[in-house]
Amino acid sequence: MAEIGSFALLLALALSAYSFIAGIVALAFQSRASSSLSLALQGSGGVVSSESSFITTLRRGSERMGETARRAGIATFAAVLLASVVLVICAFRDDFSIAYILHHSNRDLPGPYKFAVLWSGQEGSLLFWSLLLAAYGFVLRLRYKTDARLFAYASVVLSGVQIFFLLLLNFAAHPFAIVEGTIPADGNGLNPLLQYPEMVIHPPMLYLGYVGFTIPFAFALGALIMKYPGEKWIHITRRWTMVTWAFLTCGVFLGAHWAYSVLGWGGYWGWDPVENASLMPWLTGTAFLHSVMMQEKRGMLKMWNMWLVFATFWLAILGTFLTRSGIISSVHAFAQSSIGDWFAWFLCITLVVFVFFFFKNKSHLRTEHKLESLVSRESSFLFNNLLFVLLCFTVLWGTWFPKISELVQGNKVTVGAPFYNRVAIPVALLLLILTAVGPLLAWRKTSLESLKRNFMWPTIGAIAVAIFLMITPQSWGSAFGLKPWQDISYFYSLMAISLSVLVTLTVASEFYRGGRVISKHTGQGMFASMVQLTHRNTRRYGGYIVHFGVVVVIIGFAGAAFNQDKEMEMGYGDKMTIGPYTLICRSYTDDDAPNYASEWAVLDVYKGGKQIDTMTPVRRFYKASQQTSTMPDIRSSLNEDLYIVFEGLNQDNGHPILKAHLNALVMWIWMGVWIMLIGTGLALIPNAPAPVRVAAPARLKPTQAESVVTGD
Amino acid sequence: MSRLFHSISTRSAGKLLGTFLLCVAVFALLGASDPATRFTEIGHQMMCICGCNQILLECNHVGCPASDGMRNELMAAVGRGDSDSLVEQSFVQKYGPTVLAAPTTRGFDRAAYIIPFVALILGFGLIVLVIRAWKNRPTPALADGLSPVRGAALEQFRDQARKETDL
């Protein structure tokens, strides 16, 4: 099997290289043939001469060559898919002669995790990356008729990126490397932390996001190289970008949920370099999704968008470099090896290539920017982009600062959550203000009067909520009785919640105002009118729903200020009180399964003197890898999560040591993500054509107007 | 209420920003100072040095060779009434600078905090300049016989365009 996999990888590399080189040659000849043909026709006064027929033949030949390059790109997908299938089959067959399978699987590993072995280690995850890239390329090359020339350029760029990953797989991180000497009877097993259902879907989602940003980058670079006229490439890549963004969002938050559910420290985001690596392209990608509207609507920010899309792609690769090179220490950088050098070179090459073509063809991107007012949607997008890019820069700066500090002052420093809380939260709050104000601004110019009129009630609502949260008693729940003068974190939480209310109200007012207009014209109910409104401009109103999802997430983050925790050794009948909950230890025991042994406690949970639940936190010992892992038990509600971790046993008396966390508003984060994804899904739906009222010819219906439907 | 809004809108942005920053500073300085709160606060500014890369008070593995001892030391220091900076210094001397969860505000470490805010201010300044430059660009000349629409008529067309394109 290993031979088949290795051959498939070599074949994929050869096909990719052909697709790249033949694609370049074909495009070069096509360009030359086009310009020569027009010159020849001009010279012969429009009469077809022997010279022009030779050029036509040359052009046809280059088109045929381009077609073979496209087909080679498609065949690359087949070859990489074959290699991936072979690796998965090897995992299911417990083929420990392959080093990768030996190090990441074992006989008793459940089936879904054997499938997940494909992306659980260094080599496999690179193969998976290559597979996703080939799959995206496959779809792109099938849809080439949309604009054959632009797609051919994008295809060449994709092939270039694919070559890099296939070179890595063939020469630096071979997934089919054979074990030397005696083959062990069983494998080392999968890292226990990865043996969790979400780990089966988190990496694919994240990688779909990372890899997906190669597509807009490929189109952008292609458009830059060929000096593509107009904004069509933006229209072509809009859906790609949104889908990719949704995947990345999903991947980032699945990672957060996995950390929350598995790592057992009670949090979901630790500002670890690997987490930061996933956040950075998300931030620039989000900035791009906003600024691209400026280019579509007003033809502005062409250069800036080029840089944003490149930065997003580049940061995705940089994140992978951070994860795998070992250059920055991280708890869950899952592998350290020499492939960091390969990534460093690739980053340099892509930067040089992009900068070269940017400066060569930047005149093509020059536009006459004209703004009428500072108070306009255009300005809000500029500030929005500044804040997103600044947040990205802050995360990048914080991630690299230990290394910079080591170079400058000779010693490393830690840059953890307290740093980001101080620096990133104020910027994020500013961004939240802009999220509230932005939708109320019109393109070109907004009068201060209309801004005040639209902004007054949302602001009053937000201030009322802030006052309400301050004066209510704390016994009402985590977010009540907030005294911002007691702690800076309370101040930030109050600001975050109030601004979230402000955003929600502005979004609601946009739906209400639009719905009211439609309702007035059609006589429909308000809800039906709002649905129709959304369907008529799915991108705008889907975007508002995404904004609403973001504020729900932010409210969830704001809850972190009210978290509590308590640690206790608990024998039979021992009691622990945390917040409104009382936990009584009913029992503790152990169990044995083929893959792991486990210890667990049984706790009765009381609230207000009434038993409401029984919880069973577990600690597992995985036999193959000889590692332990906790499986916290989490009882979620809208107000708070009761999160219990089985930390271990007291060696003297055998009593379990349990840690209980009361994490406020965490469920809001996961709900917010769903709302964001629903909003993105809505934004992807094509707009419904807007009905237009036209007067019917007098001879047919003298008094009535008839409703007809416009085209696209 | 509209008067209130009018007065707010006429205040200078600088004053509002100043008030906001002052509030942040005041709230930052108004921390409760009982030993339990100080223990929690300082404990969340420190890292466990066992290699788990977790905040000291969030290090969750039983049998950790470092965190129990470090917590006891912190508890003792807070109990003695040592100032925050003294506690920090003693931990740095014993465990090295990586024990602090964030860079200090001394020496080169200050750059960690300054640079993002400098970038923010520069970015804001740059965008304001860009917007001004774009705003002051001359309007392209119109063909003969055409006159630009201005004032109320322009507003009317704008409203119409918004209604027809956004809904």
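Residues numbered from 1 in each chain as written. Chains lettered and ligands numbered in written order. Predicted model: local features only at pLDDT ≥ 70, side-chain atom pairs only at ≥ 80, totals over all residues.

Enquirer: How would you sum up the sheet that holds strand E9 (residues 640-649) of chain A? Please name residues and give values.
Expert: Residue and element names in this part refer to chain A. Pairing within the open sheet is antiparallel, and its four strands lie in the order E1-E10-E9-E8. Two strands bound the open sheet, and with one partner strand each, they are strand E1 (564-569) and strand E8 (633-636). Mean inter-strand twist for the sheet, computed between neighbouring axes without regard to direction, equals 15 degrees. Note: E8 against E9, four bridges, orientation antiparallel. (Pairing = 2+ DSSP bridges. Helix = DSSP H or I, 4+ residues; strand = E, 2+ residues; numbered from the N terminus. Axes fitted to C-alpha atoms, helices over the stretch in contact; angles between N-to-C directions.)

Enquirer: How would you sum up the environment of Cys59(B)? Please name residues and give values.
Expert: Residues and elements named next belong to chain B. Among the structural elements, cysteine 59 can be located in the loop between helix H3 (35-43) and helix H4 (67-80). Here the alpha-carbon distance between cysteine 59 and proline 116, two residues 57 residues apart in the chain, equals 29 Å. Not counting residues up to four positions away in its chain, the partners in contact with cysteine 59 are Cys48, Cys50, Cys52, Gln54, Cys64 and Ser67. (Contact = placed C-beta atoms within 7 Å.)

Enquirer: Could you give an account of the domain arrangement of chain A, naming the residues involved and the relevant values?
Expert: Residue and element names in this part refer to chain A. According to the domain assignment, chain A consists of domain 1 (1-190), domain 2 (191-446), domain 3 (448-561 + 668-688) and domain 4 (564-667). Listed by partner, the interface residues are 11 residues for domain 3 and six residues for domain 4. Elements supplying a minimum of two residues to the side of domain 3 that touches domain 4: helix H18 (538-558) and helix H19 (666-684). Here the element with the most residues in the side of domain 3 that touches domain 4 is H19; it accounts for four residues. Of the residues assigned to the side of domain 3 that touches domain 4, the class counts are seven nonpolar, four polar and no charged. (Domains from an automatic or database assignment. Nonpolar A, V, L, I, M, F, W, Y, C, P; charged D, E, K, R; others polar.)

Enquirer: Give a detailed account of the interface of chain A and chain B, specifying residues and quantitative values.
Expert: Taken together, the contact pairs 57 residues of chain A with 44 residues of chain B. Of all the elements in the fold, those that place two or more residues in the side of chain A that touches chain B are helix H13 (377-409), helix H14 (417-437), helix H15 (448-471), helix H16 (488-522), helix H17 (526-536), E9 and strand E10 (656-664) of chain A. Looking at the side of chain A that touches chain B element by element, the count peaks at 12 residues for H13(A). Its residues assigned to classes, the side of chain A that touches chain B shows 31 nonpolar, 15 polar and 11 charged.

Enquirer: Now, about the domain arrangement of chain B: what can you tell me, with residues and values included?
Expert: Segmenting chain B into domains produces domain 1 (30-102) and domain 2 (105-136). Centre-to-centre, using C-alpha coordinates, domain 1 of chain B lies 34 Å away from domain 2 of chain B.

Enquirer: Could you give an account of the nonpolar core, with specific residues and numbers?
Expert: Residues and elements named next belong to chain A. Within the largest apolar cluster, 186 residues are counted, with the highest numbers of intra-cluster contacts made by Ala12, Ala83, Leu133, Ala220, Phe310 and Ile554. Examining the composition of this core, we find that 17 residues originate from one element, helix H9 (residues 232-263), more than from any other. Discounting chain neighbours no more than four positions away, the residues touching phenylalanine 310 are Phe217, Ala220 and Phe354. (Core = buried A, V, L, I, M, F, W, Y, C linked by C-beta atoms within 7 Å. Buried ≥ 20, exposed ≤ 12 C-beta atoms within 10 Å, placed from the backbone.)

Enquirer: Lay out H19(A) in plain terms, naming residues and giving numbers.
Expert: Residues and elements named next belong to chain A. Look at H19: 28 Å from first C-alpha to last across 19 residues, which is about the 27 Å you get at 1.5 Å a residue. For H19, the set of buried residues is Val666, Trp668, Ile669, Gly672, Val673, Met676, Gly679, Thr680 and Ala683. On an axial view of H19, the arc spanned by its buried residues comes to 140 degrees, and they lie on one face. (Expected span 1.5 Å × (residues − 1). Arc of directions from axis to C-beta.)

Enquirer: How would you sum up the confidence of the model for chain B? Please name residues and give values.
Expert: All names here are of chain B. Across chain B, the average pLDDT comes to 74, with 65% of residues at 70 or higher. Confidence, expressed as mean pLDDT per element, reaches its minimum in chain B at helix H1 (residues 2-10) with 40 and its maximum at helix H6 (residues 110-135) with 90. Segment residues 26-32 is flagged for pLDDT under 50; beyond a separation of four residues in sequence, or across chains, it makes 10 contacts in the model. (pLDDT = per-residue confidence, 0-100.)

Enquirer: Tell me about the confidence of the model for chain A, and name the residues and values.
Expert: Residues and elements named next belong to chain A. On average, residues of chain A score 85 in pLDDT, and 92% of them are at 70 or above. The least confident element of chain A is strand E12 (residues 705-709), whose mean pLDDT is 38; the most confident is H19, at 94. Note on residues 700-712: pLDDT is under 50 here. Beyond four places in sequence and across chains, it has 20 contacts.

Enquirer: Tell me about the pairing of E9(A), and please be specific about residues and values.
Expert: Residue and element names in this part refer to chain A. Among the 10 residues that make up E9, eight are buried, leaving the element largely enclosed by the rest of the structure. Linkage of E8 to E9, two consecutive antiparallel strands, is achieved through a turn of three residues. Here E9 runs beside E10; their pairing, made up of nine bridges, is antiparallel. When the bridges of E10 are listed, leucine 649 appears paired with proline 656.

Enquirer: Residues and numbers for helix H10 (residues 273-298) of chain A, please.
Expert: Residue and element names in this part refer to chain A. Between its first and last C-alpha atoms H10 spans 38 Å; for 26 residues at 1.5 Å apiece the expected length is 38 Å, and the two agree. The largest bend in H10 is about 25 degrees, located at histidine 290. The buried count for H10 comes to 20 of 26 residues, which makes it a mostly enclosed element. Positive phi shows up at glycine 299, right after H10, with a value of about 70 degrees. (Bend = angle between axes of the 7 residues up to and from the residue.)

Enquirer: Let's hear about unusual backbone geometry: which residues, and what values?
Expert: Residues and elements named next belong to chain A. Notably, aspartate 94 is not glycine yet its phi reads approximately 50 degrees, a positive angle. Mapped onto the secondary structure, aspartate 94 falls in the loop between helix H2 (50-92) and helix H3 (99-104). With 18 C-beta atoms packed within 10 Å, aspartate 94 lands in the partly exposed category. With a phi angle near 55 degrees, tryptophan 271 is a residue other than glycine that sits in the positive phi range. On the secondary structure map, tryptophan 271 appears in the loop between H9 and H10. According to the C-beta neighbour criterion, tryptophan 271 is buried, with 20 such atoms within 10 Å.

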